[in-house]
Amino acid sequence: MLQSKFWQAFFAIAPIVLLFVFFIGYFVFVFSMITEIQEIEANGPVSPSFIFGRLLWFFVGVLLMVLISLGSLIFFIVHAVQNPNLKENNLLLVWILLFVFIGGLGQLLYWIIEIIGKRKTNT
């Protein structure tokens with residue numbers, strides 16, 4: 001699985017794409033609540049189930065984003081530890097710190113530099 005091009009690309013790109021989807025979903029939720037405020041107030045008091053029903057999809061998206069980001073972090077740490085090019089110097093520690101502190105961007109950079117870049121030089 002670590003050498004699969006599909007999973008490498010998925011775990012490199014998915015956290016950043018999901019972050020953008022999360023922000024778009026948030027703004028759609030807020031915008032829909034603002035545009036429907038007069039209709040909501042005209043029907044009387046707002047039931048909590050109405051608001052929580054709309055928040056459910058938002059929280060499902062957040063949970064999905066957290067799980068994929070955590071999976072991506074684990075995937076790339078394991079890949080970096082098994083990468084023989086990083087064992088000779090301190091690059092392994094640098095990459096792991098980048099994964100932890102800058103998250104999806106560090107994983108995307110690792111995929112571009114260490115996986116795709118090395119794949120082109122090896123062939």
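Preceding this section is the structure that the text describes.
In this report, we go over the structure that sits alongside the text.

Here we come to the environment of Pro-15. Residue position: Pro-15 is located in helix 1 (residues 5–35). In this structure, the C-alpha to C-alpha distance between Pro-15 and Ser-72, residues 57 residues apart in sequence, is 7.6 Å. Contact partners of Pro-15, with chain neighbours within four places excluded, come to Phe-10, Ser-69, Ser-72, Gly-104 and Gln-107.

It is worth spelling out a nonpolar patch on the surface at this point. Together, Leu-93, Leu-97, Val-100, Phe-101, Ile-102, Leu-105, Leu-109, Ile-112 and Ile-113 line one region of the surface with nonpolar side chains, adding up to about 850 Å² of accessible area. Mapped by element, the contributors of at least two residues to the nonpolar patch are helix 4 (91–102) and helix 5 (104–122). Broken down by element, the nonpolar patch gets its largest block of residues, 5 residues, from helix 4. As for its position among the elements, Ile-113 is in helix 5. Under the relative-accessibility criterion, Ile-113 is labelled partly exposed at 44%.

One full turn of an α-helix is made of 3.6 residues, so residues set three or four places apart face in the same direction. Here helix 1 spans 44 Å end to end across 31 residues, near enough to the 45 Å set by a 1.5 Å rise per residue. The principal kink in helix 1, of about 35°, is found at Ala-14, preceding the proline Pro-15 by one to four residues.

Now for helix 4. Taking 1.5 Å per residue, 12 residues should reach 16 Å; helix 4 reaches 16 Å between its end C-alpha atoms and fits that length. Where helix 4 ends, the next residue or the one after it, Gly-103, has phi of about 60°, a positive value.

Parameters at a glance
Residues numbered from 1 in each chain as written. Predicted model: local features only at pLDDT ≥ 70, side-chain atom pairs only at ≥ 80, totals over all residues. Heavy atoms only, no water. Helix = DSSP H or I, 4+ residues; strand = E, 2+ residues; numbered from the N terminus. Contact = heavy atoms within 4.5 Å. Patch = residues over 30% accessible without salt bridge, like charges linked within 9 Å, V, L, I, M, F, W, Y side chains within 5 Å. Areas by Shrake-Rupley, 256 points an atom, 1.4 Å probe, with all protein chains shown as cover. Salt bridge = Lys/Arg side-chain N within 4 Å of Asp/Glu carboxyl O. Buried < 20%, exposed > 50% of the residue type's maximum accessible area, 1.4 Å probe, protein only. Expected span 1.5 Å × (residues − 1). Bend = angle between axes of the 7 residues up to and from the residue.

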